[in-house]
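# Survey of secondary and tertiary structure
The residues making up each chain are set out below.
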Amino acid sequence: MSVVELDFDSCYRAVAARDARFDGRFYTAVTSTRIYCRPICPARTPNLRNVRFYRHAASAEAAGFRPCKRCRPELSPGDPGWDHRGDLVGRALRLIDEGVADDGGIALLAGRLHITERHLHRLFTAEIGVGPLAVARTKRLLLAKQLLTETGLPITDVAFASGFGSVRQFNATMKETYGFTPGELRETAGRASADTSLTLRLHRREPYDSASMLRFLRARAIPGLEHVGETAYSRAIPGGTVTLTPVPGHVRLEVELEDTRTLARVVARCRRLLDLDADPEAIADALGETSLGPLVTARPGLRVPGAWDGFEVAVRAVVGQQISVAGARTLLGRIVARAGRETGGETLSHLFPTAGELLEADLEGLGLTGRRVTTLKALAARVAEGDIDLDGAQEPSQAVSRLLRVPGIGPWTASYVALRALRDPDAWPEGDLGLRRTMACLNIPEDHIERWRPWRAYAALHLWSTE
């Protein structure tokens, strides 16, 4: 969907109805106030003559509009269209969320995608209406606005956590774009500067089946790396820990970080891990009319668990080939203890090894077969050298194709990685015995699999959840 495809009448009806289904899909700008809002803003519906609609917050800001302080556009769930798109713009947006543009500018962003900066700018302008630099700046500003409003982090820390290179740049950009300084916003929000805890709200679309999400993650939690209780998920990450607690209306993210400059990456990965940007109504509408209807009704808001790290999911998939979930969990715990860096923590004691670390590690004596060790080493080598990119830069079908070239990786493993790490909503784990068994028990013919497109990943989760 390009910027020119927004239908004015449909957007205005959604705004008048405050329809939550459209939250994050577009933004409403009001010419009389120079403010832009979410479709669900509680303010009075603006006069039709004073309204403009924008596909992305960056487009509204580039046109001179400031974010509303009532509905707070920084809290919008991500657009599910961009979340699942594997084209260049969709992948670039995910890398911007990860902070790639903050780390190395548009040159690094284009380099990760193997295209020129000029071509990337042309694609963004055609799709969104502004270039990638404007999108990255808006992402930084909106994250900073959320930190200033919801936390008591010192303004200096907020500047670096949101991706700015200096406090002076932060102050000047916020004043120029929003018309107020960070200090003025902090005073309005009434946050106590002494409160330096880092807790943020991650909003999602309803319904959201948090119980099924936590159940899936709990069964696969790697000892030493993750802990999943009845109500929350925690894991060790480079330089700290995260805890995610689903509560009514949002997910509470509690972060401990040695270097807050990685915060944008942390937020993006947490959103993907819990599939917070999905559109549950669109998925339910499509699958509810098929043989999966009763399962969809039984578990409204079921999501596909994503990945903190693409390489980690690939290793999980290789280790999990033809063994039980519990058995894979045990072996993965041994791998993490052997090859992962220690954190100094007790429960969350290790990080998952990087591709380079796994490549150098001795994996003998852990209970892995020689064939599995060979596959893991080959996978680690290709990820380390950049031939396979599982964190968003590579086109999904290309990543799957290259995975299939690794000795010991077949269609099931590659499809599982596509489902969880590459965010392919139509990925289907070919040959999965659990899926076949459940379908047989429910008398669902195999030719129905094609009827579940383009949401076969969610179909797989519904079937797995009934095992």
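The text that follows walks through the structure, step by step, so that each part is easy to find. These figures come from a predicted structure and were not determined experimentally. (Residues numbered from 1 in each chain as written. Predicted model: local features only at pLDDT ≥ 70, side-chain atom pairs only at ≥ 80, totals over all residues. Heavy atoms only, no water.)

Time to look at the side chain of Glu 312. Tracing the sequence through the fold places Glu 312 in helix H15 (residues 310–319). Side chain to side chain, Glu 312 and Arg 235 meet in a polar contact 2.8 Å long. Residue contacts for Glu 312: discarding those within four places in its chain leaves Leu 225, Arg 235 and Phe 352. (Helix = DSSP H or I, 4+ residues; strand = E, 2+ residues; numbered from the N terminus. Polar contact = N/O pair within 3.5 Å; in protein donor to acceptor, adjacent residues only side chain to side chain. Contact = heavy atoms within 4.5 Å.)

The strand order E5-E9-E8-E7-E6 describes an open sheet built from 5 strands, whose pairing is antiparallel. Each edge of the sheet is formed by a strand with only one pairing partner; in this case those strands are strand E5 (198–203) and strand E6 (226–228). In this sheet, neighbouring strand axes are inclined to one another by 20° on average, regardless of whether the strands run parallel or antiparallel. In the sheet, E6 pairs with strand E7 (residues 233–237) via 3 bridges, with the strands oriented antiparallel. Bridge pairing links Val 228 to Tyr 233 in E7. Its contacts with the sheet put helix H11 (residues 210–219) on E6, E7 and strand E8 (240–247), and the angle it makes with E6 is roughly 140°. (Pairing = 2+ DSSP bridges. Axes fitted to C-alpha atoms, helices over the stretch in contact; angles between N-to-C directions.)

The next point concerns the sheet that holds strand E3 (residues 51–54). Taken in spatial order, the 4 strands line up as E3-E1-E2-E4 in an open sheet, and their pairing is mixed. Across the chains shown, the open sheet's two edge strands, defined by having one partner strand only, are E3 and strand E4 (66–67). Each of strand E1 (27–30) and E3 touches helix H1 (residues 8–17); the most contacted strand, E3, lies at about 100° to it.

This paragraph deals with the pattern of salt bridges. Taken as a whole and assessed by the stated rule, the structure comprises 31 salt bridges. The closest approach of N and O atoms between Asp 23 and Arg 38, which form a salt bridge, is 2.5 Å. Separated by 15 residues along the polypeptide, Asp 23 in the loop between H1 and E1 and Arg 38 in the loop between strand E2 (35–37) and E3 bring together distant segments of the chain. By relative accessible area, Arg 38 is classed as buried at 7%. A salt bridge links Arg 140 to Asp 102; the shortest N-O distance between them is 2.6 Å. (Salt bridge = Lys/Arg side-chain N within 4 Å of Asp/Glu carboxyl O. Buried < 20%, exposed > 50% of the residue type's maximum accessible area, 1.4 Å probe, protein only.)

Quick look at the side chain of Thr 413 now. By the element assignment, Thr 413 lies in helix H20 (residues 411–420). Judged by its relative accessible area of 3%, Thr 413 is buried. Apart from the residues lying within four places of it in its own chain, the contact partners of Thr 413 are Ala 317, Val 318 and Gln 321.

For the rest of this paragraph, the subject is the layout of surface pockets. In this structure, the largest pocket occupies an estimated 910 Å³ of space. Lining of the largest pocket is provided by 36 residues; of these, Arg 220, Val 325, Trp 412, Asp 432 and Trp 464 occupy positions nearest its centre. Only H11, H15, helix H16 (325–339), H20, helix H21 (433–441) and helix H22 (456–464) provide two or more residues apiece to the lining of the largest pocket. Looking at the lining of the largest pocket, its residues break down into 16 nonpolar, 10 polar and 10 charged. If you go around the second largest pocket, you meet 32 residues; those closest to its centre are Pro 238, Arg 269, Asp 309, Thr 354 and Asp 391. Counting only elements with at least two residues in the lining of the second largest pocket, the list comes to helix H5 (100–113), E7, helix H12 (263–273), H15 and helix H18 (370–384). Among the residues making up the lining of the second largest pocket, the classes are represented as 16 nonpolar, 4 polar and 12 charged. (1 Å grid on protein atoms, 1.4 Å probe; cavity = no way out; pocket = protein on both sides within 12 Å on 5 of 7 lines; lining within 4 Å. Points joined across faces, edges and corners; volume = space filled by probe spheres on them. Nonpolar A, V, L, I, M, F, W, Y, C, P; charged D, E, K, R; others polar.)

Below, the discussion takes up unusual backbone geometry. Cis peptide bonds are those with omega within 30 degrees of zero, and the linkage from Glu 206 to Pro 207 qualifies with -5°. Of note, the phi angle at His 114 is positive, near 60°, even though the residue is not glycine. Mapped onto the fold, His 114 is located in the loop between H5 and helix H6 (117–127). His 114 sits in the exposed class, given a relative accessible area of 71%. For Gln 322, which is not glycine, the phi torsion reads 60° and is therefore positive. Mapping Gln 322 onto the fold places it in the loop between H15 and H16. For Gln 322, a relative accessible area of 80% gives the class exposed.

Aromatic rings in a pair are described by how distant their centres are and how their planes are angled relative to each other. Under the counting rule described, the total for this entry stands at 12 aromatic pairs. Here the aromatic rings of Tyr 27 and Tyr 36 are separated by 5.9 Å at their centres, their planes lie at 85°, and the arrangement is edge-to-face. Of the two residues, Tyr 27 and Tyr 36, both sit in the buried class. For the ring pair Tyr 54 and Phe 65, a centre distance of 6.0 Å and an interplane angle of 50° mean the geometry is tilted. (Phe/Tyr/Trp six-rings, centres within 6.5 Å; stacked < 30°, edge-to-face > 60°.)

Let's shift gears to H21. Every buried residue of H21 is listed here: Gly 434, Leu 435, Thr 438 and Met 439. In an axial view of H21, the angular spread of the buried residues amounts to 130°, which keeps them on one side of the axis. Opposite the buried face of H21, by more than 90 degrees, sit the exposed residues Leu 433, Ala 440 and Cys 441. Buried positions along H21 lie against H22. At the N-terminal end of H21, a side-chain oxygen is found 3.0 Å from the backbone nitrogen of Gly 434, two or three residues along, and the residue is Asp 432. In the stretch just after H21, Asn 443 is the one whose phi turns positive, near 60°. (Arc of directions from axis to C-beta.)

A few words on the pairing of E8. Taken residue by residue, a regular strand's side chains alternate between the two faces of the sheet. Note that E7 and E8 share 5 bridges and pair antiparallel. Of the residues in E8, the one forming a bridge with Arg 235 is Val 242. In terms of strand pairing, E8 meets strand E9 (residues 250–257) through 8 bridges, oriented antiparallel. The partner of Thr 241 across the bridge, within E9, is Glu 256. Between E8 and E9, which follow one another and run antiparallel, lie 2 residues, and Gly 249 among them has a positive phi close to 90°.

The values reported here are purely geometric and, on their own, carry no functional implication.
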